[in-house]
Amino acid sequence: MVSAFIPPALGHSISETIIPDVKTTLNLFGMHLRKVRGEWSYPIHAHPQYEFNYVLEGEQLLVVNNHSYTQKAGDLVLLRPGDSHSSKSGNGKSFTYFCIHFDIDDKILISLLSRLDHVLFESESTIVHKLGPVFARLVEISGTISGAITMSQRMRLQSAVFDLFGQLWEAFSIEANLPASGTYEKVELAHQIRSRLQGLVYQQFQLELPYDSHYGIDDIAADLGISPSHCYRVFRQVFGVSPREFLSEQMLHEAKVLLDDSSLSVSQISSLLGYRDIAHFSRQFKRWYGKSPREYREEDK
């Protein structure tokens, strides 16, 4: 491994703290601070980035994926990539809001954002209490920009946004009842477990391994150097379900996708998913879904 620095000779250090390498790419798009009239409106649209929308004064009515949200001063909205949304005044009067679109390549942070299934966070929520001062800082920096942005302003904006993510992480730790110490490591471990579980489904589907093949969750735990009980505990803390429940959800999803293809027989689907026989697949599907594969197909007609 090539090191970016030459460590001191052994025995020369009195104390030392090694900080892991940090490699994160952050892109900010369409950041703006805007005050609009009561008759203003923005048509329905979607974009491939995340969006934070923070109302400073007045009231905004947002329609996100056909659901309406009234956003008052101090409230925060988080939109995910692909969310369709439109906005207008919530009371026919002028209002002021701050908006930032972003994407970031940190898989663990994206995993966190995907778990925050709320759209609207009210001003009194734990998350907004944590993030409010950072948004105030972003608004302050934005207010100093007129015309071309300077290097200093750009760096200050990026610094504030990274601070925003840090505060979001701490707030999430509180809401999810996770201890602040080691939270990132736990989420990273849970993410690794999740990837391997998805790989299990992929292997069974692509290599036609039997569903109850010997390699499973206990083997994933062993590969990661942890006990099965720790594997279950960490995964449930982060994703809210056990690894086995998650694996079942993934297999059920694959089964539904195949059952939706009318050109495939139930027997063929059973074989594709790695089951010993159609009876075994039917029993398992009914245990997951409450109906047999054929009943599932019938209700879809």
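Look up a bit, the structure's there.
Residues numbered from 1 in each chain as written. Predicted model: local features only at pLDDT ≥ 70, side-chain atom pairs only at ≥ 80, totals over all residues. Heavy atoms only, no water.

### What about the side chain of S292?
No. 1: Counting through the fold element by element, S292 comes out in the loop between α9 (278–289) and α10 (293–299).
No. 2: Setting aside its immediate chain neighbours within four residues, S292 contacts F285 and K286. (Helix = DSSP H or I, 4+ residues; strand = E, 2+ residues; numbered from the N terminus. Contact = heavy atoms within 4.5 Å.)

### A word on the sheet that holds strand β6 (residues 76–79)
No. 1: In spatial order, the strands read β1-β8-β3-β6-β9; together these five strands make up an open sheet with antiparallel pairing. Two strands close off the open sheet at either side, each with one partner strand: β1 (26–36) and β9 (120–121).
No. 2: As judged from the nine bridges shared by β1 and strand β8 (residues 95–104), these two strands associate in the antiparallel manner. Along β8, the bridge assignment pairs V36 with F95. (Pairing = 2+ DSSP bridges.)

### Considerations on the packing of helix α7 (residues 243–259) against α9
Each pair of packed helices can be described by the angle between their axes along with the distance between the axes.
No. 1: Orientation of α7 relative to α9, taken along the N-to-C sense of each, is 115 degrees, at an axis distance of 11 Å. When the interaxial angle is binned, α7 and α9 end up roughly perpendicular. In the packing of α7 onto α9, the handedness of the crossing is left-handed. Listed contacts from α9 to S248, M251, L252, A255, K256 and L259 of α7 are F281, F285, W288 and Y289.
No. 2: A breakdown of the residues in the contact of α7 with α9 according to their chemical character gives eight nonpolar, one polar and one charged. (Axes fitted to C-alpha atoms, helices over the stretch in contact; angles between N-to-C directions. Parallel < 35°, antiparallel > 145°, perpendicular 65-115°, else oblique. Left-handed = near helix turned anticlockwise from the far one by under 90°. Nonpolar A, V, L, I, M, F, W, Y, C, P; charged D, E, K, R; others polar.)

### Digging into the side chain of T96
No. 1: Along the chain, T96 turns up in strand β8.
No. 2: Look at T96 and you get buried, because its relative accessible area is 9%.
No. 3: When residues no more than four places from it in sequence are discounted, the contact partners of T96 are L33, R34, K35, Y54, V55, L56 and E57. (Buried < 20%, exposed > 50% of the residue type's maximum accessible area, 1.4 Å probe, protein only.)

### Looking at unusual backbone geometry
No. 1: Backbone geometry at N65 places phi at a positive 50 degrees, although glycine is not the residue there.
No. 2: By secondary structure assignment, the location of N65 is in the loop between β4 (59–64) and β5 (67–72).
No. 3: Residues other than glycine seldom take positive phi values, yet N66 does so here, at roughly 75 degrees.
No. 4: Summarising the element assignment, N66 is placed in the loop between β4 and β5.

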